[in-house]
Amino acid sequence: MFYDARGPLPLPHDPVKALVAPRPIGWISAVSARGEINLAPYSFFNVLASRPAIVMFSSEGRKDSFSFVAETGEFVCNIVTQDLAQQMNMTSAPLPRGRNEFVHAGLTMEPSRLVKPPRVKEAAAALECRLVGTTELTDLDGRPIDRHVAFGQVIGVHIEDRFLKNGLVDTAALRLVARCGYADYAVVDEVFQLARPG
Ligand SMILES: Cc1cc2nc3c(=O)[nH]c(=O)nc-3n(C[C@H](O)[C@H](O)[C@H](O)COP(=O)(O)O)c2cc1C
């Protein structure tokens, strides 16, 4: 099939997110200027550059994660693995501002090394980030669409030692969880290698 995506949707659910999949999940912890703690998953998330590593997440509307990061300039991107999938999902509940999702999901707040927001102690890896900038996305006509992107530079990296093998991250052992479309998720439990040409 083909459809013009500027017109009405000819399918019961938007297929685009099911096609751009699997998407990594940034499980973002942040604190507000008042010291409120927040934790929520974002699959409009990725790493855009390396050394310095720049990551981004995009908020549909100004959700607490984005507001808190914009207020205090720091966040932690916790890595989601299969054993934490349920807890990750629990932290996406629409709790009122100021309600701590760590507590809601029974997770432990571990102080970060270089930034204020705590990290998820149970997570096998986490990236401590400082905000580089934010931007509001626009449509083709230049109209703001209430989608807010935060860009952060990774300044600290935590990896549980048991997932390092000869200095490399053992991706399959981590059992990373990624988001597919609808309510579907994928687990990375198998990888293969390709040598780069040239
Ligand atoms: C796996 C997963 C990925 C999500 N990705 C996003 C996303 O990229 N952007 C977004 O705005 N909401 C996303 N959500 C929904 C938010 O997590 C949810 O609205 C949450 O309540 C936001 O919390 P906050 O207001 O505390 O930041 C996602 C939810 C799940 C379960």
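Up top is the structure these notes are about.
Residues numbered from 1 in each chain as written. Predicted model: local features only at pLDDT ≥ 70, side-chain atom pairs only at ≥ 80, totals over all residues.

Counting its secondary structure elements, the protein contains five helices and 14 strands. In terms of C-alpha radius of gyration, the protein reaches 18 Å, essentially the compact-globule figure of 16 Å for 198 residues. Expressed as lengths along the three principal axes of its C-alpha atoms, the size of the protein is roughly 50 × 50 × 35 Å. Going through the 198 residues of the protein one by one, you find that 29% of them count as buried. (Helix = DSSP H or I, 4+ residues; strand = E, 2+ residues; numbered from the N terminus. Rg over C-alpha atoms; globule rule 2.2 N^0.38 Å. Buried ≥ 20, exposed ≤ 12 C-beta atoms within 10 Å, placed from the backbone.)

The next thing to look at is the environment of glutamate 136. Turning to its location among the elements, glutamate 136 is positioned in strand β9 (residues 125-138). The exposure class of glutamate 136 is exposed, given the 12 C-beta atoms found within 10 Å. Residues glutamate 136 and serine 59, 77 residues apart in the sequence, show an inter-C-alpha distance of 9.4 Å. Excluding residues that lie within four positions of it along the chain, glutamate 136 makes contacts with Pro144, Arg147 and His148. (Contact = placed C-beta atoms within 7 Å.)

Ranked by size, the top nonpolar core spans 35 residues in total, and within it Trp27, Ile28, Phe75, Val76, Cys77, Val80 and Ala126 carry the most contacts. Contributions of two or more residues to this core are made by β2 (26-31), β3 (37-42), β5 (54-60), α2 (64-72), β6 (74-79), β9 and β13 (176-179). Apart from the residues lying within four places of it in its own chain, the contact partners of alanine 126 are Val76, Cys77, Asn78, Ile79, Arg119, Val120 and His158. (Core = buried A, V, L, I, M, F, W, Y, C linked by C-beta atoms within 7 Å.)

As a further point, take the sheet that holds β13. Read across the open sheet, the three strands follow the order β1-β13-β14; overall the sheet is antiparallel. Either end of the sheet is taken by a strand with one partner, and the two such strands are β1 (23-24) and β14 (185-188). Pairing geometry for β1 and β13, over two bridges, is antiparallel. Counterpart to arginine 23 in the pairing with β13 is arginine 179. (Pairing = 2+ DSSP bridges.)

With that settled, consider the pairing of β6. Burial within β6 is extensive, with six of its six residues counted as buried. Alternating positions in β6 separate into two faces, Glu74, Val76 and Asn78 on one and Phe75, Cys77 and Ile79 on the other, with burial throughout. The pairing of β2 with β6 spans four bridges and is antiparallel. What sits directly across from isoleucine 28, in β6, is cysteine 77.

Moving on: the environment of lysine 116. If you trace the backbone, lysine 116 turns up in the loop between β7 (109-110) and β8 (119-120). Expressed as a C-alpha distance, the spacing of lysine 116 and serine 29, which sit 87 residues apart in the sequence, is 9.7 Å. Each residue touching lysine 116, except ones within four places of it in the same chain, is listed here: Val31, Thr72 and Glu74.

Residues of α2 that are buried include every one of Asp64, Ser65, Phe66, Phe68 and Val69, and no others. Close packing links the buried residues of α2 with β2, β3, β5, β6, β9 and β10 (144-159). Taken from the residues just after α2, glycine 73 is the one with a positive phi, measuring 75°.

Below, the discussion takes up the site of the ligand. Near the ligand you find 17 residues, and of these Ala40, Phe44, Lys63, Asp64 and Ser65 are the closest. Counting residues per element, the ones that place at least two in the shell around the ligand are β3, β5 and α2. Per-element accounting of the shell around the ligand gives the leading share, four residues, to β3. (Near = placed C-beta within 6 Å.)

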